[in-house]
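Reading the structure
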Amino acid sequence: MARRFLLEFEKPLVELENQIDQIRELARDSEVDVSQQLLQLETLAARRREEIFNALTPAQKIQVARHPQRPSTLDYIQMFCDDWVELHGDRNGTDDQALIGGLARIGEKSVLLIGQQKGRDTKENVARNFGMAKPGGYRKALRLMDHADRFNLPIICFIDTPGAYAGLIAEEQGQGEAIAVNLREMFRLKVPIIATVIGEGGSGGALGIGVADRLLMFEHSVYTVASPEACASILWRDAGKAPEAASALKITGPDLMKLGIVDEVLKEPSGGNNWAPLQAGETLKNALEKHLSELLALSTRELRDNRYSKFRKMGKYLESQSIESEISV
């Protein structure tokens, strides 16, 4: 069995994991009954893992959100979506692989799915640009959302990006304009929109598909106006102070719930979604079906008013993150 990738604060679990692996090998190589010892060690490991994850700092939650084995947009689509058909291209010459979209069914309801997609290894990450979309990706997303609006399909967005791509080519192609147009146009859509932060929701890259009637977050996901590393580099010229910046930025689910930005924080399995991805998928599916049922009962006017109200709260949150008001230099 492939070893799990352990984060730095999970290292106390290494010895227990090694003991569990040794006992399993012993059980395979002999007829000795070690089920009792195995059960005791697995119970102890689960308890310690739960203790660690119940006391995570914002900086540690960022590590969990960026975990290389954390379920991605395509993983969730494969878990609980039927009849998935990916749609390609922005009809302007590009097809950004960092932002994917297509048609599917969740339960009995046909929906349009959009989300950022990272890779599992270096080769795939390069192909997906580490989940950082270029302007063509946001224009593709808007084209697909217009399609959903035309055919009365609810829109489900999965947010998982460190931010929009900030390279020279993206600026030449109008990155800021593409995101701004998405923000404006998503307000006029007549269909329900649900956005879920499944990993890292960074800056304008997340907002480009984040204007929604309901915003959900997984327990160990983060939603931030700027990465803590970037914030620390600007304030102190030292990216090593990122943990302090992470605490000041209020990027976790509970903090954002208090600010009225997030509608629901989804509980994760002990150890994070990467430890039990199928359980995480079931949690997300149930939440999406619940919120979708509630939104489908609202009128178009109620949807738009609700969307506008939520984005006003988001604006106040962005204002609250000014350097002067949030962090003492």
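Above this text is the structure in question.
Because the structure is predicted, anything quoted here is derived from the model rather than measured.

Each value, and the rule that gives it
- Residues numbered from 1 in each chain as written.
- Predicted model: local features only at pLDDT ≥ 70, side-chain atom pairs only at ≥ 80, totals over all residues.
- Heavy atoms only, no water.
- Helix = DSSP H or I, 4+ residues; strand = E, 2+ residues; numbered from the N terminus.
- Rg over C-alpha atoms; globule rule 2.2 N^0.38 Å.
- Buried < 20%, exposed > 50% of the residue type's maximum accessible area, 1.4 Å probe, protein only.
- Contact = heavy atoms within 4.5 Å.
- Areas by Shrake-Rupley, 256 points an atom, 1.4 Å probe, with all protein chains shown as cover.
- Lys, Arg positive; Asp, Glu negative; His and termini not counted.
- Charge placed at Lys NZ, Arg CZ, Asp CG, Glu CD.
- Core = buried A, V, L, I, M, F, W, Y, C linked by side-chain atoms within 4.5 Å.
- Salt bridge = Lys/Arg side-chain N within 4 Å of Asp/Glu carboxyl O.
- Arc of directions from axis to C-beta.
- Phe/Tyr/Trp six-rings, centres within 6.5 Å; stacked < 30°, edge-to-face > 60°.
- Lys NZ or Arg CZ within 6 Å of the ring centre and 35° of its normal.
- Pairing = 2+ DSSP bridges.

1. Topic: the overall build of the protein chain
The helix and strand inventory of the protein chain stands at 15 helices and eight strands. In terms of overall dimensions, the protein chain is globule-like: its C-alpha atoms have a radius of gyration of 21 Å, near the 20 Å expected for 329 residues. Taken over the C-alpha atoms alone, the protein chain extends approximately 65 × 55 × 40 Å along its principal axes. Burial analysis of the protein chain (329 residues in total) assigns 49% to the buried set. Excluding contacts between residues fewer than 6 apart, the proportion of contacts in the protein chain whose partners are at least 24 apart in sequence is 73%. Accessible surface computed for the protein chain: about 15,600 Å², of which carbon and sulfur atoms make up 52%. Separation of charge centres in the protein chain, based on 41 positive and 47 negative side chains, amounts to 5 Å.

2. Here we look at the nonpolar core
One broad trend across soluble globular proteins is that nonpolar side chains are buried collectively. By size, the foremost hydrophobic cluster in this structure holds 38 residues, and its most contacted members are Ile114, Met145, Ile155, Leu215 and Tyr223. Looking at this core, the elements with two or more residues in it are strand S3 (109-116), helix H6 (135-150), strand S4 (155-161), helix H8 (175-186), strand S5 (193-202), helix H9 (203-207) and strand S6 (214-218). When residues in this core are grouped by element, the largest group, six residues, is from H6. Setting aside chain neighbours within four positions, we find methionine 145 in contact with Leu112, Ile114, Ile155, Asn182, Met186 and Leu189. In terms of nonpolar packing, the next biggest core, distinct from the first, is built from 24 residues, Leu74, Leu216, Phe218 and Leu292 among them.

3. Points about the pattern of salt bridges
Under the definition given, this model contains 18 salt bridges. The closest approach of N and O atoms between aspartate 213 and arginine 307, which form a salt bridge, is 3.0 Å. In this pair, aspartate 213 sits in the loop between H9 and S6 while arginine 307 sits in helix H14 (residues 300-320), placing the two residues 94 residues apart along the sequence. With respect to burial, aspartate 213 and arginine 307 carry one shared label: buried. A cluster of three or more residues bridged by salt bridges with shared partners is formed by Arg66, Lys118, Asp160, Glu200 and Glu229.

4. So, helix H4 (residues 73-80)
Taken as a whole, H4 has its buried residues at Thr73, Leu74, Tyr76, Ile77 and Phe80. End-on view of H4: buried residues confined to an arc of 160 degrees, all on one side of the axis.

5. Quick look at the packing of aromatic side chains
What the rule picks out here adds up to four aromatic pairs. When the centroid spacing of 5.8 Å and the interplanar angle of 70 degrees are considered together, the rings of phenylalanine 9 and phenylalanine 53 count as edge-to-face. Note that phenylalanine 9 is positioned in the segment before helix H1 (14-29) and phenylalanine 53 in helix H2 (residues 35-53), a separation of 44 residues in sequence. Considering the side-chain rings of tyrosine 76 and phenylalanine 158, the 6.3 Å spacing of their centres and the 40 degrees angle between planes classify their relative orientation as tilted. Residue tyrosine 76 is found in helix H4, and its partner phenylalanine 158 is found in strand S4; the two are separated by 82 residues along the sequence. Tyrosine 76 gets classed as buried once you look at its relative accessible area, which sits at 0%. Across from the ring centre of tryptophan 275, 3.9 Å away, lies the NZ or CZ of arginine 49, which sits over that ring. Lying over the aromatic face of tyrosine 165, lysine 134 brings its terminal NZ or CZ to 5.0 Å of the ring centre.

6. Here we look at the environment of glycine 205
Tracing the backbone shows glycine 205 in helix H9. Under the relative-accessibility criterion, glycine 205 is labelled buried at 1%. A C-alpha to C-alpha distance of 9.7 Å links glycine 205 and valine 225, two positions 20 residues apart in sequence. Not counting the four nearest positions on each side in its chain, glycine 205 is found in contact with Gln116, Tyr138, Thr161, Gly163, Ala164 and Ile179.

7. Side note on the pairing of S3
Most of S3 sits inside the fold, with six of its eight residues counted as buried. For strand S2 (residues 99-106) and S3, the ladder comprises eight bridges, and the chain directions are antiparallel. Each bridged residue has a counterpart across the sheet, and for leucine 103 the counterpart in S3 is leucine 112. Counting the residues in the hairpin turn of S2 and S3 gives two residues, including glycine 107, whose phi is positive at 65 degrees. The pairing of S3 with S4 spans four bridges and is classified as parallel.

8. Looking at the environment of alanine 133
Residue placement: alanine 133 occurs in the loop between helix H5 (122-128) and H6. Residues alanine 133 and alanine 166, 33 residues apart in the sequence, show an inter-C-alpha distance of 9.2 Å. Apart from residues no more than four positions distant in its own chain, alanine 133 is found in contact with Asp96, Ala98, Leu99, Tyr138, Gly163, Ala164, Tyr165 and Gln175.

Any link to function would need more than the numbers given here.
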